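Next come the chains, spelled out residue by residue.
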Amino acid sequence: MTRLVDVPAQFDDRSFEQFAGAYAAAAKDGERLLFDAHAAEWASPYGLVGLLAAGQAAHRPGSADRPLLTAPTQPDVLTYWTRAGFFREAAELFEIHGKLPRVKPAEQSDVLLPVTPVRAAEDVHAVVSKIQQRASAILASELGLDPKATMGFAMALSEACQNIVEHAGTGGWVAVQAYHWRRKLARRVVVIAVADAGVGFRHSLEPTQSKRFGARWSDAAALEAALVQGISRFRDPGRGQGLAGIRRYLARWDGKIAIRSGTARIAIVPKWDDDVPLKDGLPAFPGAQVLIIIPEQGSTTP
Amino acid sequence: MIQHIDVHAVLQESVSGVYTDLVTRPTGRVVRERIERAMATAQDPVTVTRIDFTGVGCIDYSCADEIVAKLLRDRRAVVVLSGISEGHREAIEPVLAGHGLAALVERREGGNGELEALGAPEAAAALVDELVARRLAVRTPAGTIALTLA
């Protein structure tokens, strides 16, 4: 029997909870999953890498059947997902239904970094090298960031990707895109989205932190420990610098970070956003999903 | 003796490909171990090790911790960082401050070899006092310090 998971028509970090709920309900009895994206109209980088993480998690050990994916039917949506590099990665995870256009992942567009797999330190080197070549002009000319901010951006991206390599226990994906965020800010933004279907923050920190938290130990507590307190699973005192560094960078450029793991989601919320700092009791979703948003500089009144 | 270590060259030997960025813990670890080996096997007694970051693109916090903080923690010699850009400083400074450490940084343009201490303020002041007391550095009229070794 195949269970259906609807992909939201507007698939971003907000509608991700609807998707995660559908995934959790469909995945609980271990049947083969069909991800239905035929009605998709738009997907943010977060939606695209999140869908790949779901496909990774939906793989059933011992089964040759991959989860199914119905591709979007709208040609422009299909073209965009292809240019964003989604189908290149999805082809390994899903049995895809639908005719895919023959376009290459974008090299010159607002897709600063197409959906890119991150499995090892070498991948992080490639991502950082590529992003510096492409992001510099957009960060300075379109977002009004100091040209020196490009290096900080690369640092933030590097640390976000390293979370996969060091903590997930599996591979994941990263995507970076610039776009005009009409609905929320009426400004241009650069978005970094990183997702994996690995062990998640709670499991990663459990050996060193669960005793300290006792009965309060949870996905939310683990996220708070990592992002707010800079705690790492490693006892080395230099660990935990990555997320702290990302926070410093975002504070300087009025940016936002949100991390979802397991049943919780934590966010450092800038003034221009109305997100909730910590949500618990969300539908269970494997691994960790990170969203970083850097807005065009100037007034960011919502 | 001042030993010169070219980090860009060490990086090129350490990672495959042609990357110029010091990113990821494994890369930082390999680069630091090579630097430590070079420091340990220098033929003449080394008083100061100048670690030159010229040509290095981005340094992330993990590499700043793995290389700079750990080299300073071991204190095998006086470490001077040179070729440090604003971007490098953004990664190195908070990492040092977090450890309560300080490093000497050679001023880049028009610095005439003058140094400043970077990192935790108390550690920076103590580092300068120690170098002056050991006569490895002198305070300049401009309020900076300079190495006494050529």
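This is a predicted model, so every value here is computed, not measured.

**Q** Any chance you could explain the domain arrangement of chain A here in plain terms?
**A** How big an interface is tends to be expressed through the accessible area that disappears when the partners come together. All names here are of chain A. According to the domain assignment, chain A consists of domain 1 (1–101) and domain 2 (108–302). For domain 1 versus domain 2, the distance between C-alpha centres works out to 22 Å. Listed by partner, the interface residues are 21 residues for domain 1 and 27 residues for domain 2. The element best represented in the side of domain 1 that touches domain 2 is helix α2 (residues 45–57), accounting for nine residues. Of the residues belonging to the side of domain 1 that touches domain 2, the class tally is 12 nonpolar, five polar and four charged.

**Q** So what exactly am I meant to see when it comes to the sheet that holds strand β7 (residues 145–147) of chain B here?
**A** All names here are of chain B. The strand order β1-β2-β3-β4-β5-β7-β6 describes an open sheet built from seven strands, whose pairing is mixed. Two strands close off the open sheet at either side, each with one partner strand: β1 (2–6) and β6 (137–139). Averaged over neighbouring strand pairs, the angle between their axes works out to 35° when direction is ignored. Two elements, strand β3 (residues 78–82) and strand β4 (residues 102–106), share two bridges in a ladder whose sense is parallel. Paired with Leu81 across the bridge in β4 is Val105. Here helix α4 (residues 86–99) sits on the sheet in contact with β4 and β5 (114–119), set at roughly 60° to β5.

**Q** Looking at this structure, I do not really get the pairing of β4(B). What am I missing?
**A** Looking down a regular strand, the side chains alternate between one sheet face and the other. Residues and elements named next belong to chain B. Within β4, five of the five residues are buried, which leaves it mostly tucked inside the rest of the structure. Residue alternation in β4 divides its side chains into two sets, Ala102, Leu104 and Glu106 and Ala103 and Val105, and both sets are buried. As a crossover connection, the stretch from β3 through α4 into β4 is right-handed. As paired elements, β4 and β5 share five bridges and run antiparallel to each other.

**Q** Before we go on, may I ask you to explain the environment of Pro283(A) in this structure?
**A** All names here are of chain A. Position of Pro283 relative to the elements: it lies in the loop between β12 (278–279) and β13 (285–295). When the C-alpha positions of Pro283 and Ala22 are compared, they lie 8.5 Å apart, and in sequence the two are 261 residues distant. For Pro283, the residues in contact, after removing those within four places along its chain, are Glu17, Ala20, Gly21 and Ala24.

**Q** What is the right way to look at the packing of helix α1 (residues 7–14) of chain B against helix α2 (residues 25–40) of chain B in this model?
**A** Pairs of packed helices are described in terms of their axes, by the angle between the two and the distance that separates them. Residues and elements named next belong to chain B. Packing of α1 against α2 brings their axes to within 10 Å, and their N-to-C directions diverge by 120°. Judged on the interaxial angle alone, α2 and α1 are oblique. Considering only the axes of α1 and α2, their crossing is right-handed. Counting all contacts with α1, which are made through Val7, Val10, Leu11 and Ser14, the residues of α2 involved are Thr27, Val30, Val31, Arg34 and Ile35. Here the contact of α1 with α2 is built from residues that sort into six nonpolar, two polar and one charged.

Here is what the cut-offs are and how they apply
Residues numbered from 1 in each chain as written. Chains lettered and ligands numbered in written order. Predicted model: local features only at pLDDT ≥ 70, side-chain atom pairs only at ≥ 80, totals over all residues. Domains from an automatic or database assignment. Contact = placed C-beta atoms within 7 Å. Helix = DSSP H or I, 4+ residues; strand = E, 2+ residues; numbered from the N terminus. Nonpolar A, V, L, I, M, F, W, Y, C, P; charged D, E, K, R; others polar. Pairing = 2+ DSSP bridges. Axes fitted to C-alpha atoms, helices over the stretch in contact; angles between N-to-C directions. Buried ≥ 20, exposed ≤ 12 C-beta atoms within 10 Å, placed from the backbone. Right-handed = clockwise from strand over helix to strand, strands pointing away. Parallel < 35°, antiparallel > 145°, perpendicular 65-115°, else oblique. Left-handed = near helix turned anticlockwise from the far one by under 90°.

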